[in-house]
Amino acid sequence: MTRQSRRRDNVAFRASMRALTKNPAPDGGIARPGALPERNRPIRTGVRRRKRSWKALVRAADAAFSQYIRRRDPISAFSGKPTGCCFHIVSRTKYAVRWDPDNAIGATTGENYEMEFNPHKFISLLIAKRGLPWYEDLVRRSNQITKRSRADMEAIIERFKA
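Keep in mind that what you see is a predicted model, and the values were worked out from it rather than measured. Throughout, residues of each chain are indexed from 1 in the direction in which the sequence is written. Side-chain atom pairs in this predicted model are given and counted only at pLDDT of 80 or more, local residue features only at pLDDT of at least 70, and totals for whole chains, interfaces and linings cover all residues. For side-chain calculations, the full set of non-hydrogen atoms in the structure is used, while hydrogens and water are omitted.

Below, the discussion takes up the nonpolar core. Among the nonpolar cores identified, the biggest contains 14 residues, and Ala 61, Phe 65, Trp 99, Met 153, Ile 156 and Phe 160 are the most heavily contacted of them. By residue number, the principal contributor to this core is helix α2 (residues 54–72), which donates 7 residues. By the convention used here, residues are in contact when the closest approach between their heavy atoms is within 4.5 Å. Sequence-distant contacts of Trp 99, that is, excluding residues within four places in its chain, are made with Val 58, Ala 61, Asp 62, Phe 65, Arg 148, Met 153, Ile 156 and Phe 160. With 13 residues, the next largest nonpolar core counts Ile 89, Val 90, Trp 134 and Leu 138 among its residues. We define a nonpolar core as any set of buried Ala, Val, Leu, Ile, Met, Phe, Trp, Tyr and Cys residues linked to one another through side-chain atoms lying within 4.5 Å. Using a 1.4 Å probe on the protein chains alone, a residue whose accessible area is under 20% of its type maximum counts as buried, one over 50% counts as exposed, and one in between counts as partly exposed. Put simply, DSSP H or I for four residues or longer makes a helix, DSSP E for two residues or longer makes a strand, and each gets a number counted from the N terminus.

In structure tokens form, the structure reads like this:
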């Protein structure tokens, strides 16, 4: 089928649809060939929603948790500047403590970037501030195996959302 014939078919289709909408059906609806009368159409009782994917749940939980931490700590614990992000002490790959408020503090984006390459500086400051037993407990909890369900993720989102 050439471009011109497709265009001609499209123009003809649009003209027929315009004619149908200009000539209403006797009951006031739009007359469409082959359409069922209004009373015989199946009734949709509700829209079926798809479940959120696991990735979407994690993304939503991360966003809610980050907002919570930035509200809790508006000033960086390291430099005293306004916070720009959520700073995880133990990596976010450890799902056991990923959304634990003890594992995160508010920090500037520069400090968070520097933490990627030199975490020892920041961890030693936190150990001096909160103590070695706190850090050892955090690391111990991060090494536990956890399995989160969709209900757990929804609860995390609701807990930190405000």
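Further remarks concern helix α4 (residues 119–130). In this scheme, a helix's expected span is set at 1.5 Å multiplied by one less than its residue total. Taking 1.5 Å as the rise per residue, α4 with 12 residues should run 16 Å; its terminal C-alpha atoms sit 16 Å apart, in good agreement. The set of residues buried in α4 consists of Phe 122, Ile 123 and Leu 126. Angularly, the buried residues of α4 cover 95 degrees about the axis, an arc narrow enough to put them on a single face. Every exposed residue of α4 that faces more than 90 degrees away from the buried side is listed here: His 120 and Ala 128. Where α4 terminates, the next one or two residues include Gly 131, which has phi positive at roughly 105 degrees. The directions from the helix axis to the C-beta atoms form the arc being described.

Looking now at the confidence of the model for the protein. By definition, pLDDT measures how confident the predictor is in each residue, and it falls between 0 and 100. Here the protein averages 84 in pLDDT, and 72% of its residues register 70 or above. The secondary structure element of the protein with the lowest average pLDDT is helix α1 (residues 3–22), at 64, and the one with the highest is helix α5 (residues 132–142), at 97.

Relative to the helices and strands, His 88 is located in strand β1 (residues 85–88). Note on His 88: relative accessible area 14%, which makes it buried. Each polar contact in these results corresponds to two N or O atoms within 3.5 Å; when the atoms are within protein, one needs to be able to donate a hydrogen and the other to accept it, and residues that are neighboring in sequence are counted only if both atoms are side-chain atoms. In this structure the side chain of His 88 is engaged in a polar contact, spanning 3.2 Å, whose partner is the backbone oxygen of Arg 98. The contacts of His 88, once residues within four sequence positions are left out, are Phe 65, Arg 98, Asn 103, Ala 104 and Met 115.

A pocket here means an open set of points on a 1 Å grid, computed over the protein atoms alone, that has protein on both sides within 12 Å along at least five of seven lines. A cavity is instead a set of points where a 1.4 Å probe fits but cannot get out; residues with an atom within 4 Å of a point line either one. Grid points are joined across faces, edges and corners, and a volume is the space filled by probe spheres set on the points. Approximately 200 Å³ is the volume attributed to the largest pocket. Only β1 and α3 (109–117) provide two or more residues apiece to the lining of the largest pocket. If you tally residues by element for the lining of the largest pocket, the top one is α3, at 3 residues. Charged residues are taken to be Asp, Glu, Lys and Arg, nonpolar residues to be Ala, Val, Leu, Ile, Met, Phe, Trp, Tyr, Cys and Pro, and polar residues to be all remaining types, Gly included. Taken together, the residues that form the lining of the largest pocket break down as 5 nonpolar, 4 polar and 2 charged.

This paragraph deals with the packing of aromatic side chains. Working definition: a ring pair exists when centres of Phe, Tyr or Trp rings (six-membered ring for Trp) sit within 6.5 Å. Plane angles under 30 degrees give stacked, over 60 give edge-to-face, the rest tilted. Inspection of every chain in the model, using the stated rule, returns 8 aromatic pairs. With a centroid separation of 4.8 Å and an interplanar angle of 70 degrees, the aromatic rings of Phe 78 and Phe 122 are classed as edge-to-face. With Phe 78 in the loop between α2 and β1 and Phe 122 in helix α4, this residue pair connects regions lying 44 residues apart in the sequence. Residue class for Phe 78 comes out partly exposed when judged on its relative accessible area of 22%. A relative accessible area of 3% places Phe 122 in the buried class. Seen in terms of ring centroids, Phe 87 and Phe 122 are 5.6 Å apart; in terms of plane orientation they differ by 65 degrees. Their pairing is edge-to-face.

So, about the pairing of strand β2 (residues 104–107). Look at any regular strand and the pattern is simple: side chains alternate between the two faces of the sheet. Judged by which residues are buried, β2 turns out to be covered on both faces: Ala 104 and Gly 106 on one side and Ile 105 and Ala 107 on the other are all buried. A pair of strands is considered paired only if DSSP assigns at least 2 bridges between the two. As judged from the 4 bridges shared by β1 and β2, these two strands associate in the antiparallel manner. Bridge pairing in β2 links Cys 86 to Gly 106.

We now examine the packing of α3 against α4. Helix packing geometry: the angle between the two helix axes and the distance between the axes. Lines fitted to the C-alpha atoms define the axes, with helices restricted to the stretch that makes contact. Angles between their N-to-C directions range from 0 to 180 degrees. For the pair α3 and α4, interaxial distance at closest approach is 6 Å and the crossing angle is 110 degrees. Regarding the angle of α3 to α4, the classification is roughly perpendicular. Facing α3, whose interface residues are Glu 111, Glu 114, Met 115 and Phe 117, α4 presents Pro 119, Lys 121 and Phe 122. Grouping the constituent residues of the contact of α3 with α4 by class yields 4 nonpolar, no polar and 3 charged. Relative orientations are named as follows: roughly parallel for angles under 35 degrees, roughly antiparallel for angles over 145 degrees, roughly perpendicular for angles from 65 to 115 degrees, and oblique for any other angle.

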